[in-house]
Amino acid sequence: KVDQIAASIPQGKYKEMSNEAWNAFRDSVFTIHQKRLNQIFDEYGFVGFDLAWEEGSLNFWLMVQHSDHVPDFQKVVLNQMKIQVDKGNASPRNYGLLVDRVRLNNDQPQVYGTQVDYNWEVCQAFPKTMEDSINVNQRRKKIGLPPLEEYLNQMSEMHFEINKAIFLEKGFNGPKLNKTE
């Protein structure tokens, strides 16, 4: 729960914090979590379903996903995660998300289009740099992800809800969505 708070924009009581206090909070959360992630990974490797069920594996992966401040650690975990995915012991969807994160953090284009940015002028999500965009939906399907257009629409809707006051003030009643099949 704390990781999710620190990885998001300030909500609730956290909105009252100064930028300096918010950044200090986030840094402390990620630093403490990184120490624990290192301990767990050193002892067990990637935390798969067999070790911590789906929820525990998800939580471990999620905190690794948010470890952008240590991209080398993410890369090492990704390699071990692939072994577990191939054994059916980890989520292929989450693997795809981490692949994209690691690639972008190493100045490479993403494969699955899971990492997005936003066009604030029309309230629409778009994928960050991606390789072979023509075949992205085939790759996404192989690991259980929905078509890119659906995913981008979900991200656009979430972005709109989080920033609703700003967009309503600009005259938007909702995000600009992609056509889907």
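Please read these numbers as outputs of a predicted model, since none were measured by experiment.

Draft legend 1. Up close: the overall build of the protein. The number of helices and strands found in the protein is eight helices and two strands. Listing the helices and strands of the protein from first to last along the sequence gives α-α-α-α-α-β-β-α-α-α. In terms of overall dimensions, the protein is globule-like: its C-alpha atoms have a radius of gyration of 18 Å, near the 16 Å expected for 181 residues. Seen through its C-alpha atoms, the protein measures out along the principal axes to roughly 55 × 45 × 30 Å. Buried positions account for 40% of the 181 residues belonging to the protein. A sequence separation of at least 24 residues applies to 50% of the contacts in the protein between residues at least 6 apart. As presented, the protein carries roughly 11,100 Å² of accessible surface, and 50% of it is formed by carbon and sulfur atoms.

Draft legend 2. Molecular detail of the packing of aromatic side chains. Applying the stated rule across the entire model yields eight aromatic pairs. With a centroid separation of 5.9 Å and an interplanar angle of 65°, the aromatic rings of tyrosine 14 and tryptophan 22 are classed as edge-to-face. The pair formed by tyrosine 14 and tryptophan 22 is uniform in burial state, with each residue classed as buried. An aromatic cluster of three or more residues is present, and its members are Trp120, Phe160, Phe167 and Phe172. The ring of tyrosine 151 carries the charged tip of arginine 140 above its face, separated from the ring centre by 4.8 Å.

Quick notes on the rules
- Residues numbered from 1 in each chain as written.
- Predicted model: local features only at pLDDT ≥ 70, side-chain atom pairs only at ≥ 80, totals over all residues.
- Heavy atoms only, no water.
- Helix = DSSP H or I, 4+ residues; strand = E, 2+ residues; numbered from the N terminus.
- Rg over C-alpha atoms; globule rule 2.2 N^0.38 Å.
- Buried < 20%, exposed > 50% of the residue type's maximum accessible area, 1.4 Å probe, protein only.
- Contact = heavy atoms within 4.5 Å.
- Areas by Shrake-Rupley, 256 points an atom, 1.4 Å probe, with all protein chains shown as cover.
- Phe/Tyr/Trp six-rings, centres within 6.5 Å; stacked < 30°, edge-to-face > 60°.
- Lys NZ or Arg CZ within 6 Å of the ring centre and 35° of its normal.

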